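Spelled out from the first residue to the last, the chains are:
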Amino acid sequence: MTITKISEYERDLIDLLQEECGEAVQAGSKAIRFGWNSVNPYLRPEEQKPNFELLEDELGDILAVQQFLVATGAISAERIAARAEWKRLKLIEKGYV
Ligand SMILES: [Mg+2]
């Protein structure tokens, strides 16, 4: 097996992906704790977003980073799509959704 080292740019993208995944976890946690429409009361009104929008934002951020990772050629958009479909069917089959 050939070891393929990642480039500094790819490492930066993975750092970003980890950061965005953490932010998505936080947004999901806020939705669980306070509900979809709750906002952070410590922010100024013009800065407040409901938790569902925060989660949408973070999922979008993850997709953006995913697109840059795919563009490097290191990972495959087709495999990601196939995996998403596999997972979707698995969740249905197991009765989780
Ligand atoms: Mg983000």
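All values reported here derive from a predicted model rather than from experimental measurement.

Conventions we followed
- Residues numbered from 1 in each chain as written.
- Predicted model: local features only at pLDDT ≥ 70, side-chain atom pairs only at ≥ 80, totals over all residues.
- Helix = DSSP H or I, 4+ residues; strand = E, 2+ residues; numbered from the N terminus.
- Rg over C-alpha atoms; globule rule 2.2 N^0.38 Å.
- Buried ≥ 20, exposed ≤ 12 C-beta atoms within 10 Å, placed from the backbone.
- Contact = placed C-beta atoms within 7 Å.
- Axes fitted to C-alpha atoms, helices over the stretch in contact; angles between N-to-C directions.
- Parallel < 35°, antiparallel > 145°, perpendicular 65-115°, else oblique.
- Left-handed = near helix turned anticlockwise from the far one by under 90°.
- Expected span 1.5 Å × (residues − 1).

**Student:** Whenever I open this one, the overall build of the chain confuses me. Can you help?
**Tutor:** Within the chain, the secondary structure is distributed over three helices and zero strands. In terms of C-alpha radius of gyration, the chain reaches 17 Å, well past the compact-globule figure of 13 Å for 97 residues. Once the C-alpha set of the chain is aligned to its principal axes, its extents read approximately 50 × 40 × 15 Å. Within the chain, buried positions represent 8% of all 97 residues. Pairs at least 24 residues apart make up 57% of the contacts formed inside the chain by residues separated by at least 6 positions.

**Student:** Could you clarify how one ought to interpret the packing of helix α1 (residues 8-34) against helix α2 (residues 51-71) in this entry?
**Tutor:** Axes are the key here: two packed helices are described by the angle between their axes and the distance separating the axes. For the pair α1 and α2, interaxial distance at closest approach is 9 Å and the crossing angle is 160°. As the angle between them shows, α1 and α2 are arranged roughly antiparallel. Seen along the crossing, α1 lies across α2 with a hand that is left-handed. From α1, Leu13, Leu16, Leu17, Glu20, Cys21, Glu23, Ala24, Ala27, Gly28, Lys30, Ala31 and Phe34 reach across to α2, where they touch Asn51, Phe52, Leu54, Leu55, Glu58, Leu59, Asp61, Ile62, Val65, Phe68 and Leu69.

**Student:** What is the right way to read the environment of leucine 55 from this model?
**Tutor:** Here leucine 55 is to be found in helix α2. The class of leucine 55 is buried, set by 21 C-beta atoms lying within 10 Å. Apart from residues lying up to four places away in sequence, leucine 55 is in contact with Ala24, Ala27, Gly28 and Ala31.

**Student:** Could you clarify how one ought to interpret the environment of alanine 71 in this entry?
**Tutor:** Following the sequence through the fold, alanine 71 ends up in helix α2. For the pair formed by alanine 71 and lysine 90, sequence separation is 19 residues and the distance between their alpha carbons is 28 Å.

**Student:** I tried to follow α2 on my own but got confused; where do I start?
**Tutor:** In an α-helix there are 3.6 residues to a turn, and that puts residues three or four apart on one side. Here α2 is 21 residues long and its end C-alpha atoms lie 30 Å apart, about the 30 Å a rise of 1.5 Å per residue gives. Of the surrounding secondary structure, the elements contacted by the buried residues of α2 are α1.

**Student:** Looking at this model, I keep getting lost on α1. Mind explaining?
**Tutor:** Helix length check: α1, at 27 residues, gives a terminal C-alpha distance of 39 Å against a target of 39 Å (1.5 Å per residue), a fit within 8%. For α1, the complete set of buried residues consists of Leu13, Glu20 and Ala27.

The values are spatial; any link to function lies outside them.
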